[in-house]
Structures are given as structure tokens and as C-alpha cells.
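# Residue-level structural notes
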Amino acid sequence: MDLLILLMLCCLAYFLIQIIRFIKADADLTLLWAERFGHSPESKFRGSVVWVTGASSGIGEALCYQLAKLGAQLVLSSRREDELLRVKKKCIETSNLTDKDILVLPLDLTNISAHKAATDKVVEYFGRIDILVNNSGRSQRSLCVDTDLDVFRGLMELNYFGTISLTKHVLPHMIKKKKGKIVTISSVTGFIGVPLSTGYAASKHAVQGFFNSLRIELGCYPGITVSNICPGPVQSKIVENAFTETNQPFGTTADQTYKMPAERCARLILVTAANDLNESWISGQPYLIICYFWQYAPTWAWWITGKIGQKRIENFKNGLIGLGRMSVGVNGHMSFGIRQVHREQKMVRSGPPEKPTGGPDRMQILPIFQKRLPNRRLRTKTVLLFLASSLSLQRAGRCCVNE
Ligand SMILES: NC(=O)c1ccc[n+]([C@@H]2O[C@H](COP(=O)([O-])OP(=O)(O)OC[C@H]3O[C@@H](n4cnc5c(N)ncnc54)[C@H](OP(=O)(O)O)[C@@H]3O)[C@@H](O)[C@H]2O)c1
């Protein structure tokens, strides 16, 4: 009997630890496990040739600085050569790399006809490509109904066709060597629906589908791995550069304090690559829990994202950038605050403006949860079901830490 009680206490302690880990997590639990017990990036990337697209800003820039410190040789690509040279200079200043270890290779990813020459140049310069980081990309902030078809095309051209075209040129070199890593920066919108980002989400869903299928095709080359990275909000120029209803960039810098620093995101990307994880979710709460819901309890996920999404659309129509943000109210209820940033150029949105949402615009999740599920047993069952699945350290069949 004592043994049984001890066993139950151990199980309870295990669940409590996992719940605390989950609340504090800034990435999925598989990735955090790999960060603690798996291969470290320090042991993996010295001397590797890494081609980073979108190296001039944000996540790509942060990745370059960390890779340089780890001793990787770099190819920096994006459209703005002056920015790439700035990044190269800083890489050299902060690492042991020298001028010849970093190749600046300006490239517009949408100019697909230039991809072969660019790939040949890298192979000629370094003799190989060990890791391709597909990072270049643009987001979107506009309602589908108001958005030109050209915007959807532009998003697919860059985020999808540009990415897969470059991969197709690099892949034969990896296959020849039977070795390589293809790391693609997708997004949580690669598997979750997000309003105001229909075209962006579609392009990232396409990217996920492509690379998940490619991974299976490459099964006969175990030395070549494919990792999809799905970040949530990260500090960068992504919102500023996002497409709007037309091809114009959004142009407004939102408050970024609630987002994950690009440096932390870059570190977790390198852990993913070092451990050859198939997919990783990089985000704090509440986005992380939504990812888990989306994976394990989609019906709940649709309901939650529907609620949050309406708030986001409402704010957007009122000329605000609505960014869902979790906070804990005085009553302890988890709620989503909406961070408000006035857009510089207020645009005509379809439909009448909604009630202004400044001030008390919090959507309290717990009361809604209680109202919708008045039956306490059903509520408990739902929570237990979610916890049981999300607390399993491995996302069955999708991720594994390679030993
Ligand atoms: N930040 C986030 O919250 C977040 C969340 C999820 C996923 N992501 C993904 O992370 C990746 C990096 O974004 P970021 O957040 O670092 O944004 P960012 O600061 O705007 O950086 C985007 C990078 O892409 C490059 N780029 C844009 N258009 C290009 C083109 N036509 N050809 C080649 N390069 C191009 C830009 O360089 P040039 O302007 O010099 O060309 C820049 O270096 C993107 O794929 C994005 O979708 C970001």
C-alpha cells in the first residue's frame, strides 16, 4: 500500500514538474529536452559551410553572429548588399573568422533564374554546402477580401517558390556527398490558421508540406536531414516589411517587447539543427499552448483561435495593430490583452469599424471556457486529455532527438 502511495506521489510530482516546465517553456518540450540533454551547437558546427538566406536582418542576422562564434564558414544572402557587408563586418569582429571565411552573395530569392549561378558560386568558393538555412521571407497584414491577388502571388514567389528553388539547386550537392542539413524557417502559421495573414499562412503551409514530404523522399540518405522551424512572434523587421493590401510594406514598427529576442530564437534554431529535429515550435505562452492545442485538440484550437482572431480583426479595422498577448489579471484569470499601436497610414478596411477596443479590451479565456463547458466533469476531462498528450515529451512520430 505504501509503495502504491509512493508511486502515486511520484506520478503527481512528475505531472507538476511538467506543468511548471510547460508554463515556463519558450519552445516545444522536445526541443527544450534536446537543448538540455542533446547535442550542443558548439559540438556540431565548427568548420561547417552554412548558407543563410535573409542574413541582413532579424533572425537570419542573429543566426549569422552565433554561427560565426561557433566557427562555421558563412555565405550571407539577401537583396541588400550593404546590409550583408555590415553583418559580415560584425561577424568578423565578434569571432575568430577572417574575411575569406565569409562570402557575401547578394540574391533576390524571387529571381529564380539566378539560383543556379549563386549555388555554383558557393560550391566553387567553399567546395561544399553543409547546411542551407532557408530564412528569407515576408509576412502579411491585410484582410483577404481587400488584398490584391498579386500579394498572394508575391508571398508564394518568395516564401515558397524561392525557397524550394534554392533547395532544389543545393540538394544535388548534398546528395553527392550523402550529407547535409536543410533548415527552413517556417512559422507557427505553417500549421495554424491566422487572420490577416491568409497568404502568408498559405505560403508557410506549402513550405511545411514540401519539406515534410522531401524528408520522406530523402529517407535513403540518412545523412541529409530536413528541419522545419516554426517560430511564434520574434523581434525583427517582419511586421514592418509585411505585405499589405497591395505590394506596399506595412511600414509601422510595432512594440516588440513582448516578442522573443531574435538571439534566443537563433539559439533554439541551432539546437534544432544540431539534434536533427524534424520540426520545432519556438514560442513562449500563450502561443505555445495554442500549438499544442492545434496538434492534439484541433476542435478546441479552432474555437480559441476563432475568438482571438475576431479581436485581432476588430483592432485592425480600427487602425490598430492587434497583437494577442497573454497576461494574468488581478483575479488570476489568464487573458489575452491586445497591445495597441496606431498605424501611421490608416487604410480603408472592408466592413464598418468595430467598437473601439482601447482600454478594457481583454478577452478572458477562463470565464468563456466555464460558460461554454458548464459541465465540470467535461471541463476536467478536456484539460486532462490535453495535458496527457502535451506532456508527453516526444511528439509521437514527428520528432526525435538523434543520439
Ligand atoms: N519575426 C517573426 O515573428 C517570425 C515568426 C515566424 C516566422 N518568421 C520567419 O522568419 C524568417 C525571417 O524573418 P525575420 O523575422 O527575421 O524578418 P526580417 O527582419 O524582415 O528579415 C527578413 C529577411 O528576408 C530577406 N528578404 C526579404 N525579401 C527577400 C527577397 N526577395 N530575396 C532575398 N531575401 C529577402 C530580408 O533581406 P533583404 O531586405 O536585404 O532582401 C531579410 O534579411 C522569415 O521567413 C519569416 O517568415 C518570423
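Criteria and thresholds
Residues numbered from 1 in each chain as written. Predicted model: local features only at pLDDT ≥ 70, side-chain atom pairs only at ≥ 80, totals over all residues. Helix = DSSP H or I, 4+ residues; strand = E, 2+ residues; numbered from the N terminus. Buried ≥ 20, exposed ≤ 12 C-beta atoms within 10 Å, placed from the backbone. Contact = placed C-beta atoms within 7 Å. Core = buried A, V, L, I, M, F, W, Y, C linked by C-beta atoms within 7 Å. Near = placed C-beta within 6 Å. Nonpolar A, V, L, I, M, F, W, Y, C, P; charged D, E, K, R; others polar. Expected span 1.5 Å × (residues − 1). Bend = angle between axes of the 7 residues up to and from the residue. Pairing = 2+ DSSP bridges. Axes fitted to C-alpha atoms, helices over the stretch in contact; angles between N-to-C directions. pLDDT = per-residue confidence, 0-100. Parallel < 35°, antiparallel > 145°, perpendicular 65-115°, else oblique. Left-handed = near helix turned anticlockwise from the far one by under 90°.

## Brief notes about the overall build of the protein
Each helix and strand counted, the protein has 12 helices and 10 strands in total. Buried residues in the protein amount to 39% of all 403 residues. Looking at the protein alone, contacts between residues at least 24 apart form 73% of all its contacts between residues at least 6 apart.

## As for the nonpolar core
Residues Val52, Cys64, Leu74 and Leu76 are the most contacted members of the largest nonpolar core, which totals 72 residues. Looking at this core element by element, the count peaks at 9 residues for helix H8 (residues 262-274). With residues up to four places along the chain from it excluded, the contact list for valine 52 reads Gly60, Leu63, Cys64, Leu74, Val75, Leu76, Ser77, Val133 and Asn135. Ranked by size, the runner-up nonpolar core spans 11 residues in total, among them Leu155, Tyr200, Ala202 and Ala242.

## Remarks on the site of the ligand
The environment of the ligand is formed by 30 residues, the closest being Gly54, Gly58, Arg79, Gly137 and Ser236. A total of 3 residues in the shell around the ligand trace back to one element, the largest contributor, which is helix H3 (residues 58-69). Among the residues making up the shell around the ligand, the classes are represented as 9 nonpolar, 15 polar and 6 charged.

## With respect to helix H6 (residues 149-177)
Compared with the 42 Å implied by 1.5 Å per residue over 29 residues, the 41 Å span of H6 between its first and last C-alpha is a close match. The sharpest bend along H6 reaches about 40° and sits at glutamate 157. Elements in contact with the buried residues of H6: strand S1 (49-53), helix H5 (115-126), strand S4 (131-134), strand S5 (180-185), helix H7 (198-217) and strand S6 (224-231). Within two residues after H6, lysine 178 carries a phi angle of roughly 55°, on the positive side.

## Let's talk about the sheet that holds S6
Sheet strands associate in pairs through backbone hydrogen bonding, adopting either a parallel or an antiparallel arrangement. If you walk across this open sheet you meet the 7 strands as S3-S2-S1-S4-S5-S6-S7, and the pairing is parallel. Two strands close off the open sheet at either side, each with one partner strand: strand S3 (102-104) and strand S7 (279-282). Across the sheet, the mean angle from the axis of one strand to that of its neighbour is 15°, orientation sign disregarded. Across 6 bridges, the pairing between S5 and S6 is parallel. Following the sheet pairing, isoleucine 182 is matched in S6 by valine 226. On top of the sheet, H7 reaches S5 and S6; it is set at about 155° to S6, its chief contact.

## Regarding unusual backbone geometry
Residue glutamine 285 is joined to proline 286 through a cis peptide bond whose omega torsion reads 5°. Along the chain, proline 286 turns up in the loop between S7 and helix H9 (287-296). At lysine 178, a residue that is not glycine, the phi angle is positive and equals roughly 55°. With respect to the element layout, lysine 178 can be found in the loop between H6 and S5. Its identity as a non-glycine residue notwithstanding, aspartate 276 has a phi of 50°, on the positive side.

## Digging into H8
Helix length check: H8 (13 residues) gives 18 Å between terminal C-alpha atoms against 18 Å at 1.5 Å per residue, within 8%. Within H8, 10 of the 13 residues are buried, which leaves the element mostly enclosed by the surrounding structure. Turning to H8, its buried residues are Ala262, Cys265, Ala266, Leu268, Ile269, Leu270, Val271, Thr272, Ala273 and Ala274. Against helix H2 (29-37), H3, S4, S5, S6 and S7 lie the buried residues of H8. Count one or two residues on from H8 and you reach aspartate 276, which has phi positive near 50°.

## Concerning the confidence of the model for the protein
Across the protein, the average pLDDT comes to 85, with 79% of residues at 70 or higher. Within the model, pLDDT remains below 50 along residues 322-348, and this stretch shows 63 contacts once partners closer than five positions in the same chain are excluded. The model gives residues 353-368 a pLDDT under 50, and that stretch makes 29 contacts with residues more than four places away or in other chains.

## Quick notes on the pairing of S7
Residues of S7 alternate between two faces, with Glu279 and Trp281 on one and Ser280 and Ile282 on the opposite face, all of them buried. For S6 and S7, the ladder comprises 4 bridges, and the chain directions are parallel. Within S7, the residue paired with cysteine 230 across the bridge is tryptophan 281.

## Here we look at the packing of H3 against helix H4 (residues 81-93)
H4 packs onto H3 with a crossing angle of 30° between their chain directions and a minimal axis gap of 9 Å. Regarding the angle of H3 to H4, the classification is roughly parallel. For the pair H3 and H4, the crossing hand works out as right-handed. Where H3 approaches H4, its residues Glu61, Cys64, Tyr65 and Ala68 are matched on the opposing element by Val87, Lys90 and Cys91. Broken down by class, the residue content of the contact of H3 with H4 amounts to 5 nonpolar, no polar and 2 charged.

## Some thoughts on the packing of H5 against H6
The geometry of H5 relative to H6 is characterised by a closest axis approach of 9 Å and an angle of 35° between their N-to-C directions. Of the two elements, H5 crosses H6, and the hand of that crossing is right-handed. Only Ser165, Leu166, His169, Val170 and His173 of H6 make contact with H5, whose side of the interface consists of His115, Lys116, Thr119 and Val123. Along the lines of polarity and charge, the residues of the contact of H5 with H6 split into 3 nonpolar, 5 polar and 1 charged.

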